[in-house]
Amino acid sequence: MEYVLDQLNGSAATSDSDEIHLLRDADERARAYTATIAGRRAWPAREALGVLSAFKEDFPQSGMTAEDTLRLLDEVGSPATSASTGPNYFGYVIGGVLPAAAAAERMVLAWDQRASTFDSSPVSDAIETQAARWILEALDLPRTAGVGFGTSATACTIACLAAARRSVLARAGWNWDRHGAKGAPDVKVMLPETAHVAVIKALRILGFGLDNLIRLPVDDAGRAIVEQVPDADDLTILCLQAGEVNTGSFDHFAKLIPMAQARGAWVHVDGAFGLWARASSSRALCDGVEEADSWTADGHKWLNTPYDGAFAICREASDMATAMSSEAVYAPASASAQQNLTLEFSRRARGIPIWAALRTLGRDGLRELVDRNISQAQHVAQRLRAEGYEILNEVVLNQVLVRAGDDDCTQHICRAAQESGVAWFGMTRWEGRPAFRLSFSSWRTSQENLNRLVELLVGLFRDTKV
Ligand SMILES: Cc1ncc(COP(=O)(O)O)c(C=O)c1O
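Residues numbered from 1 in each chain as written. Predicted model: local features only at pLDDT ≥ 70, side-chain atom pairs only at ≥ 80, totals over all residues. Heavy atoms only, no water.

Draft legend 1. Structural context of helix α6 (residues 122-138). An ideal rise of 1.5 Å per residue puts 24 Å on 17 residues; α6 measures up with 24 Å between its terminal C-alpha atoms. The complete set of buried residues in α6 reads S124, I127, E128, A131, A132, I135, L136 and A138. Close packing links the buried residues of α6 with β1 (146-150), β7 (310-314) and α12 (351-386). Following α6 by one or two positions, D140 has its phi on the positive side, about 50°. (Helix = DSSP H or I, 4+ residues; strand = E, 2+ residues; numbered from the N terminus. Expected span 1.5 Å × (residues − 1). Buried < 20%, exposed > 50% of the residue type's maximum accessible area, 1.4 Å probe, protein only. Contact = heavy atoms within 4.5 Å.)

Draft legend 2. Quick look at the packing of helix α7 (residues 153-171) against helix α9 (residues 197-205). Relative to each other, α7 and α9 sit at 50°, their axes nearing to 9 Å. As summarised for this structure, α7 and α9 are arranged oblique, according to the angle between their axes. In this structure, α7 meets α9 at a crossing whose hand is right-handed. In contact with T154, T157, I158 and L161 of α7, α9 contributes A198, V199, K201, A202, L203 and I205. In terms of residue class, the contact of α7 with α9 is built from seven nonpolar, two polar and one charged. (Axes fitted to C-alpha atoms, helices over the stretch in contact; angles between N-to-C directions. Parallel < 35°, antiparallel > 145°, perpendicular 65-115°, else oblique. Left-handed = near helix turned anticlockwise from the far one by under 90°. Nonpolar A, V, L, I, M, F, W, Y, C, P; charged D, E, K, R; others polar.)

Draft legend 3. Local environment of the sheet that holds strand β2 (residues 188-192). The mixed open sheet is built from seven strands, whose spatial order is β1-β7-β6-β5-β4-β2-β3. Sheet topology places β1 and β3 (214-216) at the edges, where each strand pairs with a single neighbour. The average undirected angle you get between the axes of adjacent strands in this sheet is 20°. Pairing of β1 with β7 involves five bridges; the strand directions are antiparallel. Across the sheet, residue G148 finds its bridge partner in β7, namely A312. The strands touched by α7 are β1, β4 (236-241), β5 (266-270), β6 (294-298) and β7; relative to β5, the strand with the most contacts, the crossing angle is about 175°. (Pairing = 2+ DSSP bridges.)

Draft legend 4. A look at the side chain of R350. Structurally, the position occupied by R350 is in the loop between α11 (317-323) and α12. From its side chain, R350 meets the backbone oxygen of D308 in a polar contact 2.9 Å long. Setting aside residues up to four positions removed in sequence, R350 forms contacts with E128, F149, G150, T151, D308, G309 and E344. (Polar contact = N/O pair within 3.5 Å; in protein donor to acceptor, adjacent residues only side chain to side chain.)

Draft legend 5. Highlighting the site of the ligand. Taken together, 13 residues are adjacent to the ligand, and A153, T154, D270, D298 and H300 come closest. A153 has a polar backbone atom sitting 2.9 Å from an oxygen atom of the ligand. For the ligand, the accessible surface in isolation is 390 Å², of which the surrounding protein chains cover 85%. Considered class by class, the residues forming the shell around the ligand number five nonpolar, five polar and three charged. (Near = heavy atom within 4 Å. Areas by Shrake-Rupley, 256 points an atom, 1.4 Å probe, with all protein chains shown as cover.)

Draft legend 6. Focus on the pairing of strand β9 (residues 399-403). The element β9 is extensively covered by neighbouring structure, given that five of its five residues are classed as buried. A two-sided burial pattern is seen for β9, the buried positions comprising Q399, L401 and R403 on one face and V400 and V402 on the other. Bridge count between β9 and strand β11 (residues 433-439): four bridges; the pairing is antiparallel. In the strand pairing of β11, Q399 is matched with S439.

Rendered as structure tokens:
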């Protein structure tokens, strides 16, 4: 190896022991970062952002050393991270990273497997097959469903909706693979007005056309109003959601899914974070969701696995396997190989940290994680309401939607909280007006962190009144 690298770049020659030394250095730096995560600013200090210009270097003619590259990455990069794996981060729905998942990810990086077929990585195939089984058990979905691991709920939604269209057209006698869109029967897509942009993006990319989508009127929690959902037919795809991004609400699955399926429609459920409620004591929120035809959910949100890990699930595994099939003469694979279930032909073993999280949490730990975050959201909502904040949603899940008096005051408080570094959360719009959104999804967040958050918000609200 030394010889080969010498040939490539004499000055940057690396021996095996240099490689291990470098990895040890990286690991020590990574461990120091993790060890200090609880005390880190939730959002970087102004000075840390200022020195990011250190990355604006000219592309070097001859390569810099790996040691120096790592030093720059850590010394300039680490202080400019948002501490989203820390306990004081309440933005988006990001979750932390469970220790077992982080450790498994380290192994995955060392293995660097093409986790697409048994032939390219027997171990990835075995573990991802097991992870897929446990996901179906944890979410209590049909045990024979197909599970494809993808980068994100967005990518997995593309896979599910591609399978949906191909299947409803096949039932109508249209071969999508051979004939494509030209002359194809019209497929009608219905989705709530509040559907996540990821679903809309998937539909747009797949060529459904934004103007052709039927947007369903929603109630004050963002759920499709059952009585106002038009009749479906056997060329309809109905997209519903488990966990509306602002309110955390759930569509009325038990009514809407059988109604649509009785007319031959395909029902897809976006459960990026909310589907995990199925594994909690609040499971009743998603009663009936198991009857859908496809589902997407993320590991990297509420399961607290590292980015990027998500999955697409199809009731009929063959629907996904045919839609996503990528057979190559030089890479034969079974229909259940990940190569034939996801968008990527080659990818890393993103199901392995998911497996590690599920194995170490077990059913009880998973339920406790989700239950704890839900009760944290309810606790904070109650305390903020008592302090004069307006809580805009019924807090059934892990999302709290907040206003503080008028719009300027709400925006000011959110900005001031972000700049404080004490906690981080983001703005949204609800019913046409600004609001901020607190999301509880980290295994690290404790009562002490909730107290800090409430104290911060109470103080900022008080300041606006003087
Ligand atoms: C409800 C919902 N659906 C889909 C997505 C997209 O997920 P991803 O970021 O994994 O693509 C999100 C992300 O926040 C979400 O909250």
